[in-house]
Amino acid sequence: QVQLVESGGGLVQPGGSLRLSCAASGSNFNIYFVGWYRQAPGKQRESVAHITRLGTTDYADSVKGRFTISRDRSKNTVYLQMNSLKPEDTAVYHCRGRLATIDTWGQGTQVTVSS
């Protein structure tokens, strides 16, 4: 079973950038459908971006043009590059990997956008 570990979160000022990583072990992550999700305090979890095994990507309207999801097949890792960050992007970000009946989440990484 694949195991996912997120990293790269932190505190950043509005307008700044962060790159989140979702590193997989235990399976060939390159064939998984992978998504990034976020949950802010008091709010429901929402989908941010996803990437298919073929590399097709899609984004929530709130992050289009600012966030980019990508994968490094040699490292079994999916990234979320976040630019022009806003205070409303503050949340815990999780990655999720799905393949057939397998549905695995990482533990999450905190992103805080504040001056």
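Residues numbered from 1 in each chain as written. Predicted model: local features only at pLDDT ≥ 70, side-chain atom pairs only at ≥ 80, totals over all residues. Heavy atoms only, no water.

Here's the deal with unusual backbone geometry
Let me state the cut-off plainly: Numbering of helices and strands runs from the N terminus, with a helix taken as a DSSP run of H or I at least four residues long and a strand as a DSSP run of E at least two residues long. For the exposure calls, accessible area comes from a 1.4 Å probe over protein chains only, and a residue counts as buried if that area is under 20% of its type's maximum, exposed if over 50%, partly exposed in between.
The backbone phi angle of S84 is positive, close to 50°, even though this residue is not glycine. Tracing the chain through its elements places S84 in the loop between β8 (77-82) and β9 (91-99). The phi torsion at A100 lies on the positive side, around 55°, for a residue other than glycine. For A100, the location among the structural elements is in the loop between β9 and β10 (102-105). Exposure remark for A100: the relative accessible area of 84% places this residue in the exposed category.

Some details on the state of the cysteines
This is how the line gets drawn: Cysteine sulfur atoms that come within 2.5 Å of each other are treated as a disulfide pair.
In total, this model carries one disulfide according to the counting rule given. Here C22 engages in a disulfide with C95; their sulfurs sit 2.1 Å apart. Looking down the S-S bond of the C22 and C95 bridge, the torsion is 65°, so its handedness is right-handed. One end of the pair, C22, is in strand β3 (residues 18-25); the other, C95, is in strand β9, and 73 residues separate them in sequence. Of the two residues, C22 and C95, both sit in the buried class.

Thoughts on the side chain of N76
Just so we agree on the cut-off: What qualifies as a polar contact is a pair of N or O atoms within 3.5 Å, subject to a donor-acceptor requirement within protein and to the restriction that residues adjacent in sequence count only when both atoms come from side chains. We call two residues in contact when some of their heavy atoms are within 4.5 Å.
Secondary-structure assignment places N76 in the loop between β7 (67-72) and β8. For N76, a relative accessible area of 16% gives the class buried. Among the polar contacts listed, one links the side chain of N76 to the backbone oxygen of S27, at a separation of 2.8 Å. If sequence neighbours within four positions are ignored, N76 has contacts with C22, A23, A24, S27, N28, F29 and N30.

Quick look at the sheet that holds strand β1 (residues 3-7)
Note the threshold: Strand pairing requires that DSSP identify at least two bridges connecting the strands. Lines fitted to the C-alpha atoms define the axes, with helices restricted to the stretch that makes contact. Angles between their N-to-C directions range from 0 to 180 degrees.
Taken together, the four strands give an open sheet; going across it, the order is β1-β3-β8-β7, and neighbouring strands pair in antiparallel fashion. The open sheet has two edge strands with one neighbour each: β1 and β7. Neighbouring strand axes in the sheet, compared pairwise and without regard to direction, differ in orientation by 15° on average. The pairing of β1 with β3 spans five bridges and is antiparallel. If you follow E6 over to β3, its bridge partner there is C22.

A closer look at the pattern of salt bridges
Our working rule: Each reported salt bridge corresponds to a side-chain nitrogen of Lys or Arg within 4 Å of a carboxyl oxygen of Asp or Glu.
One pass over the full model with this rule turns up five salt bridges. In this structure, R38 and E46 form a salt bridge, with 2.6 Å as the shortest nitrogen-oxygen distance. According to the relative accessible area criterion, R38 is buried, its value standing at 5%. Note on E46: relative accessible area 33%, which makes it partly exposed. Residues R38 and D89 are paired through a salt bridge, measuring 2.9 Å at the closest nitrogen-oxygen approach. Placement of the pair is R38 in strand β4 (residues 33-39) and D89 in the loop between β8 and β9, with a sequence separation of 51 residues. Of the residues examined, D89 reaches a relative accessible area of 0% and is grouped as buried. What you see here is one network of salt bridges that share partners, running through R38, E46, R66 and D89.

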